[in-house]
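Residue-level structure breakdown
Single-letter residue listing:
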Amino acid sequence: VVAPLPSCVLMFKQYLPLLFPEDPEVLAVSQRVFDPFEYLWWRHQSGLLRTDFAASLGRVGYHQPCHLRAQGLGRGARDVLALVPGTQIELHEGCSGHGEVYGLRRRTREASEAIARPVVQKLQASQPDHYGSDCPQAARQFAAALKGLGAPTHPLRLLRLAYGI
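What counts, and where the lines are drawn
- Residues numbered from 1 in each chain as written.
- Predicted model: local features only at pLDDT ≥ 70, side-chain atom pairs only at ≥ 80, totals over all residues.
- Heavy atoms only, no water.
- Disulfide = S-S within 2.5 Å.
- Buried < 20%, exposed > 50% of the residue type's maximum accessible area, 1.4 Å probe, protein only.
- Helix = DSSP H or I, 4+ residues; strand = E, 2+ residues; numbered from the N terminus.
- Pairing = 2+ DSSP bridges.
- Polar contact = N/O pair within 3.5 Å; in protein donor to acceptor, adjacent residues only side chain to side chain.

With that out of the way, let us pick up the state of the cysteines. Applying the stated criterion to the full structure yields zero disulfides. Free cysteine Cys8: the closest other cysteine sulfur is in Cys135, separated by 10 Å. Using a relative accessible area of 31% as the deciding quantity, one classes Cys8 as partly exposed. Assessed through its relative accessible area of 14%, Cys135 is described here as buried.

Encoded structure:
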């Protein structure tokens, strides 16, 4: 099972087994859930990933979400996208400040923006051709603060662009 949201992968891999530790079916599912780029990197290491890319992505500002870091999944999207010739990945680590609804609430919005500011400033300074995050909430948080960089692009869409699809 490939789940495109880091929080969903975290739920299936780590939290559900804690809630149902005696259920062998829950354990079986948790062992077969993958982040898309975790799965694609595994295919690459096994010699099964097509790398006949049709287009370069240029400079990509990539934010690795905390839900991926919490799972110890490494930097799958960065590593897979770096396989695309002529593509430079700039890893931007740090909190997006979104925290599910934290960034949406009026009383915490200002603090949320302050938390995201270091990543926003790095993205703004680097002026990438594309930027994004595996986490849609984080990407929206950055997009709200970035002026002139356009909309964020999910790493799976970037991969699709690289393949010319």
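Let's shift gears to the pairing of strand 1 (residues 58-63). For strand 1, the tally of buried residues reaches five of six residues, placing the bulk of the element in the interior. Looking at chain direction, strand 1 and strand 3 (residues 130-133) are connected through four bridges and run parallel. Residue pairing across strands places Tyr62 opposite Gly132, the latter belonging to strand 3.

Our next topic: the side chain of Asp134. Assignment of secondary structure puts Asp134 in the loop between strand 3 and helix 7 (136-145). Within the local environment of Asp134, its side chain forms a polar contact with the side chain of Tyr62, the two groups lying 2.3 Å apart.

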